[in-house]
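# Overview (structure and organization)
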Amino acid sequence: TPAAFLAGEFIRWLGEQDAGRPWFAHVSFIRPHPPFIVPAPYNTMFDPDAVGDPIPAGDAAHPLVAFARETTRTGSFVPAAEGLVRDLPPAALRQIRATYFGMIAEVDAHVGRLLEALRAGGAWDDTVVVFTSDHAEMLGDHGLMGKGGFYDQSQHVPLIVRVPGVPPSRVDAFTESVDLFPTLLELMGVEPTHVPDGRSLLPLMRGEAV
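The model shown is predicted, which means the values in this text are computed figures rather than measured ones.

Once that is clear, we can look at the overall build of the protein chain. Check the secondary structure of the protein chain and you find six helices and two strands. Its helices and strands in sequence order give the protein chain the pattern α-α-α-β-α-β-α-α, from N to C terminus. Overall size of the protein chain, expressed as C-alpha extent along the three principal axes, is 55 × 40 × 30 Å. Across the protein chain, contacts joining residues at least 24 apart in sequence account for 61% of those joining residues at least 6 apart.

A few words now on the pattern of salt bridges. The final tally for this structure, using the stated rule, is 11 salt bridges. For Asp87, the salt bridge is made with Arg86, and the minimal N-O distance between the two is 3.5 Å. Taking relative accessible area as the criterion, Asp87 reaches 53% and is therefore assigned exposed.

This part covers the packing of aromatic side chains. The final tally for this structure, using the stated rule, is seven aromatic pairs. Arranged with centres 5.0 Å apart and planes meeting at 35°, the rings of Phe150 and Tyr151 form a pair that is tilted. Judged by relative accessible area, Phe150 falls into the partly exposed class, the value being 45%. Aromatic rings pair up to connect Phe10, Trp13 and Trp23 into one cluster. Between Arg162 and the ring centre of Trp124, over which it is positioned, the NZ or CZ distance is 3.8 Å.

Here the focus is the nonpolar core. Judged by nonpolar contacts, the single largest core of 13 residues is most densely connected at Phe36, Ile96 and Met145. Ala3, Phe10, Ala117 and Trp124 belong to the second-largest nonpolar core, a separate cluster that totals 12 residues.

Let us look at the layout of surface pockets. In this structure, the second largest pocket spans a volume of roughly 940 Å³. Around the second largest pocket, the lining is made up of 30 residues, and of these Val157, Pro158, Leu159, Val171 and Thr175 lie nearest the centre. For the lining of the second largest pocket, the secondary structure elements donating two or more residues are helix H4 (152-155), strand S2 (159-162) and helix H6 (202-205). In terms of residue count, S2 provides more of the lining of the second largest pocket than any other element does, four residues in total.

The subject of this paragraph is the packing of helix H1 (residues 2-15) against helix H3 (residues 90-120). The N-to-C vectors of H1 and H3 enclose an angle of 5°; their axes lie 9 Å apart at closest approach. For the element pair H1 / H3, the angle class is roughly parallel. Contact with H1, carried on its side by Ala3, Ala4, Ala7, Gly8, Phe10, Ile11 and Leu14, involves Glu106, His110, Arg113, Leu114, Ala117 and Leu118 of H3 and no other residues of that element. Along the lines of polarity and charge, the residues of the contact of H1 with H3 split into nine nonpolar, two polar and two charged.

Turning next to a nonpolar patch on the surface. Together, Phe24, Met188 and Val190 line one region of the surface with nonpolar side chains, adding up to about 320 Å² of accessible area. Relative to the elements of secondary structure, Met188 occurs in helix H5 (residues 180-188).

Let us look at the environment of Leu84. Relative to the assigned elements, Leu84 resides in the loop between helix H2 (63-71) and H3. Look at Leu84 and you get buried, because its relative accessible area is 13%. Not counting residues within four places of it along the chain, the set of residues in contact with Leu84 comprises Arg69, Glu70, Thr71, Thr72, Arg73 and Thr74.

So, about the side chain of Glu106. Residue placement: Glu106 occurs in helix H3. The buried charged residue Glu106 lacks any salt bridge partner; its closest oppositely charged side chain belongs to Arg31, at an N-O distance of 6.0 Å. Polar side-chain contacts of Glu106 include one of 2.5 Å to the side chain of Thr1. The contacts of Glu106, once residues within four sequence positions are left out, are Thr1, Ala3, Val38, Pro39 and Tyr42.

The rules behind these values
Residues numbered from 1 in each chain as written. Predicted model: local features only at pLDDT ≥ 70, side-chain atom pairs only at ≥ 80, totals over all residues. Heavy atoms only, no water. Helix = DSSP H or I, 4+ residues; strand = E, 2+ residues; numbered from the N terminus. Contact = heavy atoms within 4.5 Å. Salt bridge = Lys/Arg side-chain N within 4 Å of Asp/Glu carboxyl O. Buried < 20%, exposed > 50% of the residue type's maximum accessible area, 1.4 Å probe, protein only. Phe/Tyr/Trp six-rings, centres within 6.5 Å; stacked < 30°, edge-to-face > 60°. Lys NZ or Arg CZ within 6 Å of the ring centre and 35° of its normal. Core = buried A, V, L, I, M, F, W, Y, C linked by side-chain atoms within 4.5 Å. 1 Å grid on protein atoms, 1.4 Å probe; cavity = no way out; pocket = protein on both sides within 12 Å on 5 of 7 lines; lining within 4 Å. Points joined across faces, edges and corners; volume = space filled by probe spheres on them. Axes fitted to C-alpha atoms, helices over the stretch in contact; angles between N-to-C directions. Parallel < 35°, antiparallel > 145°, perpendicular 65-115°, else oblique. Nonpolar A, V, L, I, M, F, W, Y, C, P; charged D, E, K, R; others polar. Patch = residues over 30% accessible without salt bridge, like charges linked within 9 Å, V, L, I, M, F, W, Y side chains within 5 Å. Areas by Shrake-Rupley, 256 points an atom, 1.4 Å probe, with all protein chains shown as cover. Lys, Arg positive; Asp, Glu negative; His and termini not counted. Polar contact = N/O pair within 3.5 Å; in protein donor to acceptor, adjacent residues only side chain to side chain.

Here it is as C-alpha cells:
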C-alpha cells in the first residue's frame, strides 16, 4: 500500500544519513483518502455496528452545505458505488466509517515503524516528531462526506508535537497549522526572514501563559 511503501522508503533513507549530521524529513501519507479501501487485517478491524451513526443532517442548511448534499456522489469515496452520499442507508454509512477507521489504523501502524526506526538508529533522543493532518473527514456527519464545509468534523485535525526534553502535556488552546513553521524555526534556532503568519507553540508546550 502507499503507507507501507512510504514508511519503508523513509526507513531506507534514514539508514543512509551520515551519523551526527542534521536531517529533516517530511513524510506525507496520502491515506486515509478516497477511495476508501484498505487491506487485511485493517478491513475488518472495526465492526460497522460498533462505530456509531453519523450526526444527522437536519433540515436547515447553509447554501454551501445544501449544494454539497445535492451533488456529492458516493462513487467519489467508495469504488463503483452509485448515488448520492445523502441517500446512503445507515448500514452503508457505518461500513464506510469502519473502513475509514481501518485506514487510520494502517497509518498508525506504519508511523509506529518510523518511530521504531528512530529508536533503533539512535536518533530518538535527538529528533523532533510532528504528527498532523491537512484536513479532517466528515464521514457522513451532517449529511456530508469529504473535507468541505465549516463543521468541526472537517476542520479539527490531530496535532502531536514531541520534543526531546519537553515533558508531554495536553494543550486545549486554539492552534493553527501556520503555527508549525515558527515552532520548527524556534526549535532549530533559526530566525525567520519575514514575520510568520503563526506563532511558536513552544510556550504552550512548556505550560507558559501566552
